[in-house]
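Per-entry structural report
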Amino acid sequence: AQKITQTQPGMFVQEKEAVTLDCTYDTSDQSYGLFWYKQPSSGEMIFLIYQGSYDEQNATEGRYSLNFQKARKSANLVISASQLGDSAMYFCAMMDASGNTPLVFGKGTRLSVIA
Amino acid sequence: NAGVTQTPKFRILKIGQSMTLQCTQDMNHNYMYWYRQDPGMGLKLIYYSVGAGITDKGEVPNGYNVSRSTTEDFPLRLELAAPSQTSVYFCASSLTRDYNEQFFGPGTRLTVL
């Protein structure tokens, strides 16, 4: 079974600074995908970035990048140049090839950006 | 495209009542999912469907039922509501299962008293 661990319940970052949100995962599959979602206070889930286990390059999407370290089973999200609108809950999730649980989520990290 | 729509947005139920949470997507996605999110927690999968007529249990299926008679619709049924089912329910869809972005609906906030 897969498991996602996010050890930071809450983080604070100064506006315009970079911040790293930690995510470690556990799976016995060789082929899997890792996702990050943002959930603002309004409640919707917004897809941010995806990393495949066989991708050689770290994924990047605008100000978001994923620091993927396969040997350590970590998939940390890096947000550069934080903005006040980045304040939200952030969820790491994974999907493996078993087909039994298509997407497994961590408990999330609440990010607060300070002006 | 409206994407994934869910109704209602909010609902309060009494213990033992029944209701159906509606979910519709207009993206012709094969895969649809129901999650629940308890306060301060991540999402847990209740049921999912890989296409019309095919459904399967997720991590927390007890107390729920689903059906998938069309590609567009994936309703979630609560037969005998319990306080433990107080949660926010998200419906999602994806084109395929494999490493595709899941599109989420806005959620239904359900309280069982």
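Above this text you will find the structure in question.
Overview of the structure. (Residues numbered from 1 in each chain as written. Chains lettered and ligands numbered in written order. Predicted model: local features only at pLDDT ≥ 70, side-chain atom pairs only at ≥ 80, totals over all residues. Heavy atoms only, no water.)

**Side note on the pairing of strand β5 (residues 32–39) of chain A**
Residues and elements named next belong to chain A. For the record, the criterion: Burial classes: relative accessible area under 20% of the type maximum marks a residue as buried, over 50% as exposed, and values in between as partly exposed (1.4 Å probe, protein chains only). Here a helix means four or more residues in a row that DSSP labels H or I, a strand means two or more in a row labelled E, and each is numbered from the N terminus. Should DSSP find at least two bridges between two strands, the strands are taken to pair.
β5 sits mainly inside the fold: eight of its eight residues count as buried. Pairing of β5 with strand β10 (residues 88–96), which is carried by eight bridges, proceeds in the antiparallel orientation. Bridged to Gly33 within β10 is Met95. Here β5 pairs with strand β6 (residues 46–52) via six bridges, running antiparallel. Residue pairing in the sheet places Lys38 in a bridge with Ile46 of β6. Counted along the chain from β5 to the antiparallel partner β6, the turn is six residues long, and its residue Gly43 has a positive phi close to 100°.

**Observations regarding the environment of Leu80 of chain B**
All names here are of chain B. Tracing the backbone through its elements, the reader meets Leu80 in the loop between β8 (76–78) and β9 (87–94). A relative accessible area of 65% places Leu80 in the exposed class. On a C-alpha basis, the gap between Leu80 and Ile15 in space is 7.0 Å, while along the polypeptide they are 65 residues apart.

**Some points on the state of the cysteines**
All names here are of chain A. What counts, and what does not: Criterion for a disulfide: a pair of cysteine sulfur atoms within 2.5 Å.
Considering all chains together, one arrives at two disulfides over all chains under this definition. Here Cys23 is linked by a disulfide to Cys92, with a sulfur-sulfur distance of 2.0 Å. Note on the Cys23 and Cys92 pair: the S-S dihedral is about -65°, so by sign convention the disulfide is left-handed. Of the two residues, Cys23 is situated in the loop between β3 (19–21) and β4 (24–26) and Cys92 in strand β10; the sequence distance between them amounts to 69 residues. For the residue pair Cys23 and Cys92, the accessibility class agrees, reading buried in each case.

It is worth stressing that arrangement in space is one thing and function is another; only the former is reported here.
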